[in-house]
Amino acid sequence: MEINDNKFDDSMDKILAILEELRKLMKARNRLNGENIYDNQDLCVMLKLSKRSLQRLRSLGLLSYLQIGQKTFYLESDVMRYIQNQIDNRKNLNGNGNDGESP
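Attention here is on the structure that accompanies the text.

**Digging into the overall build of the chain**
Logical step 1: Across its full length, the chain carries 4 helices and 4 strands.
Logical step 2: Starting at the N terminus and walking to the C terminus, you meet the elements of the chain as α-β-β-α-α-β-β-α.
Logical step 3: Put simply, the chain has 103 residues, and 17% of those count as buried.
Logical step 4: Across the chain, the fraction of contacts at a sequence separation of at least 24, relative to all contacts at a separation of at least 6, is 46%.
Logical step 5: A total accessible area of about 8400 Å² is found for the chain, and carbon and sulfur atoms account for 52% of it.

Written out as structure tokens, the structure is:
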């Protein structure tokens, strides 16, 4: 019985070491496939929005996201696309969206 306990403990130690290394890599780089990724806190600060507002944007399909476990991440390209869409929508609302044609 003691041998099995030691093997189990050794296996768990290896798994925990791998998980810790992955956690360090994710925290240090915050990159996925060469692209910056942001979490809710990052975006709240960057866009000056509440967590609830981010949730609303996700629910409405206005902001794409990734879910890894219980944590939500946003690709930089998706954030930039959302920002550009907001700029374009504002231009259209202000009457500048007539594609260069005179009224």
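**What to know about the nonpolar core**
Logical step 1: Grouped together as the largest cluster of nonpolar side chains are 9 residues: Tyr38, Leu43, Cys44, Leu54, Leu57, Leu63, Tyr74, Val79 and Tyr82.
Logical step 2: Apart from the residues lying within four places of it in its own chain, the contact partners of Tyr82 are Leu47, Leu57, Leu62 and Leu63.

**Describing unusual backbone geometry**
Among all residues except glycine, the phi angle is most often negative; among peptide bonds, the trans geometry is most common.
Logical step 1: Despite not being glycine, Asn33 has its phi angle at roughly 55 degrees, a positive value.
Logical step 2: Inspection of the secondary structure assignment puts Asn33 in the loop between strand E1 (31–32) and strand E2 (35–39).
Logical step 3: Here Asn33 falls in the exposed class, since its relative accessible area comes to 79%.
Logical step 4: Unlike most non-glycine residues, Lys48 shows phi in positive territory, near 55 degrees.

**Quick notes on the sheet that holds strand E4 (residues 71–75)**
Logical step 1: A sheet is described by the order of its strands in space; here 4 strands give the open sequence E1-E2-E4-E3, paired in antiparallel fashion. Each edge of the open sheet carries a strand with a single partner, namely E1 and strand E3 (66–68).
Logical step 2: Of the strand pairs in this sheet, E2 and E4 are connected by 3 bridges, and their pairing is antiparallel. Residue Asp39 lies in a different strand from E4, and its bridge partner there is Phe73.

Criteria and thresholds
- Residues numbered from 1 in each chain as written.
- Predicted model: local features only at pLDDT ≥ 70, side-chain atom pairs only at ≥ 80, totals over all residues.
- Heavy atoms only, no water.
- Helix = DSSP H or I, 4+ residues; strand = E, 2+ residues; numbered from the N terminus.
- Buried < 20%, exposed > 50% of the residue type's maximum accessible area, 1.4 Å probe, protein only.
- Contact = heavy atoms within 4.5 Å.
- Areas by Shrake-Rupley, 256 points an atom, 1.4 Å probe, with all protein chains shown as cover.
- Core = buried A, V, L, I, M, F, W, Y, C linked by side-chain atoms within 4.5 Å.
- Pairing = 2+ DSSP bridges.

These figures come from the coordinates and say nothing about function on their own.
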